[in-house]
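Spelled out, the chains give:
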Amino acid sequence: MGDVPVQPARPPQDGHWRHRSLLPAATHKESGPTMGPAAPVGHAPRPCRCPGASGSLPTRVHLLSGATLGMWLCLLLLMAVCVPASASSPGIKGRVTRSALEYGRRFGLDLLRSLLQKEHDLNLQGSYQTPFLGRLNYTVPQIHIHELQMNDSTVDFAEDVGVQLTVHRAQIQLSATWRAQLGAWRDSGSLRLHIGDLAVAVLLGLGADEQGQPSMWAAGCDAHGTDLHLEFHRGQSWLYNLLVPLLQRTLRQQLNKKLCVEIQKGIGRLQDSLKNVRVSAQLDPFAAIDLSLLGQPAITKQHGDVDLKGEFFGVHGRWQSPFSAQPVKLPELEEPMLLVAVTEFVANTAAFVYFTAGALRRNITAEMLPRRFPLKLNTESMGNFAPQLQQHFPSRPVELHLWARRQPLLSCHPNALHGALFGSAEAFVVLPNATRVPAFLLNIDANVTGKPTIAGNRLGGTVGLKSLSVVQVMSYVGPLQVEKLENTLKFGLWLFGVPWANKRLRPGIPLPTPHGITLLHPRLSLHKGFMLITTDLHYKP
């Protein structure tokens, strides 16, 4: 069997493919295969892209769908090999290490079995010049693989291309139908074939298209089986069984080629399913998130990085965000299977979208505050800070209209998350006929801190109030005692508001993980500009 072409993402600049064999030369000898590392493969990178605003928005992200769980878990691990090839930095950056690749090796074997262990239309044809009898022409239209043992295998990153799965000393048993013609004489029947000492190497190319969707292709394949036992049944099988020693060499060469053809067809079907992967998701009526890949694969021997845009955008309009993602440098760790960095860019683009869409508004009534909150929403209580309020509107309820006058800002530091909130609050007196009369307008700014936590597959945290300031903008009921009002609000938030928020934040929210995958011993740390999650993975079907 000759060299198998190993194709980069696009041809080299001179227009000629470089053909390399995935299995070392020793594997091609009749004495049996001896596996080794893949030969280096050239790869010409593609330019990066920045996704536009067009395209429909699904109700949720569909990154793992359309195939078996084992197959998609394999793809999840394999696709985490993209880094940007342009100046754009990711909002979310992930890294898959060699330990994750080794853990995913068995799912790669499941993928290979699913591609091979079924009925295949081969249309395998050949001929042999028999002594005295003339030329024997034969056809094997179909085969069915009954048993496929692949217990000895390795998986490695293939630099600048993708991932290589190598299996050696595998065994395969199959049955097939056959037809034969010797001159004017025709015959047909079945056969059983056992191939031992089978070596298969598959190089899977991984990348992203111009829309940021994951893509894959068969970058190379090599298959060699030396220990072949063939037995014919039905028809004039006794005659063909006499010719088996003469037929085995030709049949072995053709089967080796056909194995790779079937593997490449299966990978092609997976690529077709990847075309339906959606890389943006609508989260609610206001916001969607862009999770498209930023660039083409650039894989090292030790790990592969995946860079996602991680930018929120408006459902009804894609406004130009004032933020840009900053470069993220992940630590060089070998033990955790997966590292994921979520930058402050993600949170700030989310705040920008919700602020621009007018979603950061809330009307507060007396029934919404805790009973023991020190500030009551009525003219009697508010009269302590606006003495003329109770005189003009005795014993009337008060309603607060809150909104963000500027978008919130978040920054990530090694000690905590820091948030700056810029709000306005306008008080209205509710008259008996339900008319709302404006009383006063305040600007209320706050600085908060946060400590995220992770437990299992849930992300939680706690918050704290660092500072609060209140400024009078306008009053229709005379002067306000702003300092007294500010101290009362601080006391109420520290005593009731912050504990109420932490009670709901501590349980956390579930992280989006594929079905059957659990985070094992996850850890969370804060760094300048990003939050880092490191974890091992556990898969249970």
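For the structure, check the block above.
Everything quoted here is computed from the prediction, not taken from an experiment.

This part covers the overall build of the protein chain. Along the backbone of the protein chain there are eight helices and 21 strands. Counting across all 541 residues of the protein chain, residues that qualify as buried make up 48%. At a minimum sequence separation of 6, the contacts of the protein chain that also span at least 24 residues come to 69%. Total accessible area on the protein chain stands at roughly 26,700 Å², and carbon and sulfur atoms take up 55% of it.

Per the stated rule, a full pass over the model turns up three aromatic pairs. Taking the centre distance of 5.6 Å and the plane angle of 90° together, the rings of Trp 178 and Phe 232 count as edge-to-face. In this pair, Trp 178 sits in strand 5 (residues 162-182) while Phe 232 sits in strand 7 (residues 214-233), placing the two residues 54 residues apart along the sequence. Judged by relative accessible area, Trp 178 falls into the buried class, the value being 4%. Owing to a relative accessible area of 10%, Phe 232 belongs among the buried residues under this scheme. The ring of Phe 313 carries the charged tip of Arg 318 above its face, separated from the ring centre by 4.1 Å. Its guanidinium or amino end placed over the ring of Phe 422, Arg 406 lies 3.9 Å from that ring's centre, counting from NZ or CZ.

Moving on to the nonpolar core. Within the largest apolar cluster, 68 residues are counted, with the highest numbers of intra-cluster contacts made by Ile 172, Leu 193, Leu 230 and Phe 232. Excluding anything up to four places from it in sequence, Leu 230 contacts Leu 191, Arg 192, Leu 193, Val 244, Gln 248 and Leu 251. Judged by nonpolar contacts, the second largest core, of 27 residues, contains Phe 373, Ala 427, Phe 440 and Leu 468.

Further remarks concern the pattern of salt bridges. One pass over the full model with this rule turns up 13 salt bridges. Among the ionic pairs, Asp 445 bridges to Arg 405, the shortest N-O distance being 2.7 Å. Of this pair, Asp 445 sits in strand 17 (residues 436-455) while Arg 405 sits in the loop between strand 14 (398-404) and strand 15 (409-412), and the two are 40 residues apart along the sequence. Relative accessible area serves as the criterion here: at 21%, Asp 445 is assigned to the partly exposed category. Judged by relative accessible area, which is 29%, Arg 405 ranks as partly exposed.

This next bit is on helix 8 (residues 482-505). The largest bend along helix 8 measures about 45° and falls at Leu 493. Listed as buried for helix 8 are Val 482, Leu 485, Glu 486, Thr 488, Leu 489, Lys 490, Gly 492, Phe 496, Val 498, Ala 501 and Asn 502. Buried-residue contacts for helix 8 involve strand 17 and strand 18 (458-475).

Reading guide: rules and limits
Residues numbered from 1 in each chain as written. Predicted model: local features only at pLDDT ≥ 70, side-chain atom pairs only at ≥ 80, totals over all residues. Heavy atoms only, no water. Helix = DSSP H or I, 4+ residues; strand = E, 2+ residues; numbered from the N terminus. Buried < 20%, exposed > 50% of the residue type's maximum accessible area, 1.4 Å probe, protein only. Contact = heavy atoms within 4.5 Å. Areas by Shrake-Rupley, 256 points an atom, 1.4 Å probe, with all protein chains shown as cover. Phe/Tyr/Trp six-rings, centres within 6.5 Å; stacked < 30°, edge-to-face > 60°. Lys NZ or Arg CZ within 6 Å of the ring centre and 35° of its normal. Core = buried A, V, L, I, M, F, W, Y, C linked by side-chain atoms within 4.5 Å. Salt bridge = Lys/Arg side-chain N within 4 Å of Asp/Glu carboxyl O. Bend = angle between axes of the 7 residues up to and from the residue.

Nothing here speaks to function; it is geometry throughout.
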